[in-house]
Amino acid sequence: MAENISFFFQLLLTGLVVGSIYALVALGFVLIYKSTSILNFAQGELLMFGAYVCLALTVELNIPFIWSFLLTLAFSFALGVLLERTILRPMIGESIISVIMITIALSTVMRSLIQIAWGTETKVFPPIFSEEPIHFLGLFIAQIHLYSLSFALLCVAMFGLFFKFSSAGLAMRVTAFDQQIAHTMGINIKRIFALAWAISAIVSSIGGIILGNINGINNLLAHMGLKVFPCVILGGLDSIIGAIVGGFLIGILENLAGGYLDPILGGGVKDVAPYVFLIVMLMIKPYGLFGKVLIERL
Amino acid sequence: MPCGLFHNRYRTDERIFQTIWVRSWLTVFGIFVLLMPFFVSDYIIYVTNTIFIFIVGAIGLNILTGFTGQISIGHGAFAAVGAYTSAILTTKLGISFWIALPIAGFFTALIGMIFGIPSLRVKGLYLVIATLAAQFIIEYTIIHWESLTNGITGIFVPSPELFGFVFNTDKKFYYLLLAFAVSAVASGRNIFRTRVGRAFIAIRDRDIAAELVGISLFKYKLLAFAISSFYAGIAGCLWGYYTNVITPEHFTIVLSIDYLAMIIVGGLGSIIGTIFGVIFITILPELLTTIGLILKGTFGQITTLLSAIKGLIFGMSIILFLVFEPEGLAEIWRRVRAYWKLWPFSY
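Residues numbered from 1 in each chain as written. Chains lettered and ligands numbered in written order. Predicted model: local features only at pLDDT ≥ 70, side-chain atom pairs only at ≥ 80, totals over all residues.

Right, let's talk about the overall build of chain A for a bit. Secondary structure assignment for chain A yields eleven helices and two strands. Listed N to C, the secondary structure of chain A is α-α-α-α-β-β-α-α-α-α-α-α-α in terms of helices and strands. For 298 residues, the compact-globule estimate of 2.2 N^0.38 gives 19 Å, and chain A sits close to it at 19 Å. Burial analysis of chain A (298 residues in total) assigns 50% to the buried set. For chain A, the share of sequence-separated contacts (at least 6 apart) that also reach a separation of at least 24 residues comes to 75%. (Helix = DSSP H or I, 4+ residues; strand = E, 2+ residues; numbered from the N terminus. Rg over C-alpha atoms; globule rule 2.2 N^0.38 Å. Buried ≥ 20, exposed ≤ 12 C-beta atoms within 10 Å, placed from the backbone. Contact = placed C-beta atoms within 7 Å.)

The helix and strand inventory of chain B stands at 15 helices and four strands. Relative to the compact-globule value of 20 Å for 347 residues, chain B shows a C-alpha radius of gyration of 21 Å, a close match. Along the longest, intermediate and shortest principal axes, the C-alpha atoms of chain B span 65 × 60 × 45 Å. Split into buried and exposed, the 347 residues of chain B put 41% on the buried side.

All names here are of chain B. Looking at the secondary structure, you find Met-36 in the loop between helix H2 (20–35) and helix H3 (42–67). The class of Met-36 is partly exposed, set by 14 C-beta atoms lying within 10 Å. The spacing of Met-36 and Thr-48 is twelve residues in sequence and 9.9 Å in space, taken between C-alpha atoms.

As a further point, take the interface of chain B and chain A. In this assembly, 37 residues from chain B lie in contact with 39 residues from chain A. Elements with a contribution of two residues or more to the side of chain B that touches chain A: helix H6 (125–144), helix H10 (207–212), helix H12 (253–266) and helix H14 (302–324) of chain B. Here the element with the most residues in the side of chain B that touches chain A is H14(B); it accounts for twelve residues. Taken together, the residues of the side of chain B that touches chain A sort by class into 31 nonpolar, five polar and one charged. (Nonpolar A, V, L, I, M, F, W, Y, C, P; charged D, E, K, R; others polar.)

For helix H8 (residues 170–191) of chain B, spanning 22 residues, the distance from its first C-alpha to its last is 31 Å, which sits close to the expected 32 Å at 1.5 Å a residue. Residues of H8(B) that are buried include every one of B:Phe173, B:Tyr174, B:Leu177, B:Ala181, B:Ala184 and B:Gly188, and no others. (Expected span 1.5 Å × (residues − 1).)

Let's shift gears to helix H4 (residues 96–118) of chain A. Its 23 residues give H4(A) an end-to-end C-alpha distance of 33 Å, which sits within 8% of 33 Å, the value for a rise of 1.5 Å per residue. After H4(A) finishes, the residue A:Gly119 shows a positive phi value of roughly 75 degrees.

Residues and elements named next belong to chain A. With respect to the secondary-structure elements, Met-224 resides in helix H9 (residues 224–235). Remark: the alpha-carbon pair of Met-224 and Ser-204, spanning 20 residues in sequence, is separated by 10.0 Å. Dropping the residues within four chain positions of it, Met-224 is found in contact with Val-25, Gly-44, Leu-47 and Leu-211.

In terms of nonpolar packing, the biggest core is built from 187 residues, with A:Ala26 and A:Leu27 touching the most fellow members. Excluding residues that lie within four positions of it along the chain, A:Ala26 makes contacts with A:Val228, A:Cys231, A:Val232, A:Ala243, A:Gly246 and A:Gly247. (Core = buried A, V, L, I, M, F, W, Y, C linked by C-beta atoms within 7 Å.)

Here we come to the confidence of the model for chain B. Residues of chain B with pLDDT of at least 70 account for 96%, and the chain-wide mean is 87. Taken together, the chains of this predicted complex give a pTM of 0.89 and an interface ipTM of 0.85. (pLDDT = per-residue confidence, 0-100.)

All names here are of chain A. Taken N-terminus to C-terminus, the directions of helix H10 (residues 240–265) and helix H11 (residues 269–284) make an angle of 120 degrees; their axes are 8 Å apart at the nearest point. As summarised for this structure, H10 and H11 are arranged oblique, according to the angle between their axes. For the pair H10 and H11, the crossing hand works out as right-handed. Here Ile-250, Leu-253, Glu-254, Asn-255, Ala-257, Gly-258, Leu-261, Asp-262 and Leu-265 of H10 come into contact with H11, specifically with Val-269, Lys-270, Ala-273, Pro-274 and Phe-277. By residue class, the composition of the contact of H10 with H11 is nine nonpolar, two polar and three charged. (Axes fitted to C-alpha atoms, helices over the stretch in contact; angles between N-to-C directions. Parallel < 35°, antiparallel > 145°, perpendicular 65-115°, else oblique. Left-handed = near helix turned anticlockwise from the far one by under 90°.)

This part covers the environment of B:Ala109. Residues and elements named next belong to chain B. Summarising the element assignment, Ala-109 is placed in helix H5 (residues 97–116). C-beta crowding within 10 Å serves as the criterion here: with 25 such atoms nearby, Ala-109 is assigned to the buried category. The sequence separation of Ala-109 and Arg-189 amounts to 80 residues, and the corresponding C-alpha distance is 19 Å. With near-sequence residues (within four places) excluded, Ala-109 lies in contact with Ala-226, Ser-229, Phe-230 and Gly-233.

What follows deals with unusual backbone geometry. Positive phi, normally seen in glycine, also occurs at A:Asn62, with a value near 55 degrees. Considering the arrangement of structural elements, one finds A:Asn62 in the loop between helix H2 (43–60) and helix H3 (65–88). Here the phi dihedral of B:Asn244 falls at roughly 70 degrees; this positive angle occurs in a residue that is not glycine. Relative to the assigned elements, B:Asn244 resides in the loop between helix H11 (217–243) and strand E4 (245–246).

A few words on the packing of helix H4 (residues 75–93) of chain B against H12(B). Residue and element names in this part refer to chain B. It is at 6 Å that the axes of H4 and H12 come closest, and there the two elements cross at 115 degrees. Our classification of the angle between H4 and H12 gives roughly perpendicular. Here His-75, Gly-76, Ala-77 and Ala-79 of H4 come into contact with H12, specifically with Ile-253, Leu-255, Ser-256 and Tyr-259.

When pLDDT is averaged across chain A, the result is 84; 96% of the residues are at 70 or more. Mean pLDDT across the elements of chain A ranges from a minimum in strand E1 (residues 134–136) of chain A, with 70, to a maximum in H3(A), with 91.

This is the structure:
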């Protein structure tokens, strides 16, 4: 019995760690969706970009981890602005399917470029955190998991404060609420769009670096970008709080489903459970926990 | 002589091929296609055969996405359902290709309708995500239901035969697949001259307005999913019999994206555009492979990069199309034709 409970809590804990990364990536995703109405299929590639750049700076150029981390964020910022400027801005006003397809194409291009630059084999970060696990109430916690969880929480809190109190954050919230109002209030909407992409790229690359430290980096990292969909549907496509809550819930859910259903269904449940959950969610509560219900008029 | 196309009767207006020129060029093209296997290499026949199969699938997706406005990123998985259904029917129950094919089509239509249910409550972006989930769920089921599907090892599919004639070479398959492609194009074009097709277009243009004029959204959206999945199932089934072996690898999200790319590059809501798109997206990687083989002699080691470069060019061509020619190849075709129609007095 005690074993069962500790198994449950172990799964819960892993779920929280994975969920914190989902929450970060979902935050970036929702940010883009909320301010520019673009469903970004290249979110996973932004994440992969961050992870690879940070790795390259740390390993190939021998920069201390903390500095390469900060440099990566700067690169991600630049990448976000660049992508918005060159590829997404001409698409303003195009149909949904064109915009979706362009982000899919963008993801293909970015993945190919990364493959050309760094190859396909798995690379690992040099150990930065001690590998000694911590014992806590009979559970084993890898230190890195603890760090990543607290770091992700810190990021989420920081972005929360950014949106609540900074003027740029306020401008972004106004733009998301109503572009016309934002425009009349003297907010430069194009700048906000670029900022949304930049911040989204930064948040994703933080997620990528954390994930790279836990699992190593390879091409499969981009799949994280697709895992974000169940999270945002659960939380509501246009809610930042929803993205964070959804990220944690999906992380926990997939680990519980994996832990308990894998022996019955034979492996890999973790990867599909979020999507089953997504379909069910769309059928019963399509706009998620916190999403705005779409009301349409003729 | 009238300097334009003037219709005196409804019958001439409703014709698909309206002028004598279109009809005669089409006949020439038809004869060319029929005779092609006699004077080209087996490799070209192989590429043409895959084009025929993709035409069947892509027309299905264009009916759903281009004409009904329901975006789907699960088309590759629906093709997988068709391929696996027919393969299992043939290998486990010994049912012949000719019976397994329609069963596979109808079964895929059923699965498509199940995953189409969310389209009744959500649309646009939400539907995209629902079909994405369909892709992953179907893929998972195929990989993990090993007793039925052999998992990642795949199923060996025997070649189809008709009255003792076995379709086992590229050339023999050519005419079979040509027949399927032609009937897919003809049926796809003709759906939109019927009540059902008009309802689809009305739903695409404004679904609430369509409902107001008496189109049942429930019925027609599910019907669109069913028809589109039927095509996908047939395409998947043909692919299985053509390559003789099916594995889950062929039917990943990459295939779904390829299908979407085909109809977008070709032109949404255009049957002829679909054909152009399929040809473009199928030939592009083959061309790059050929160039890679030629360059291999001079640069060496380029094959390792080739898959990445293929992805890069594939993505870039879609981006360029969307930015510069959002209406796709169908629009370019229309412009070229309009130019020649008025030539040499194009003002």
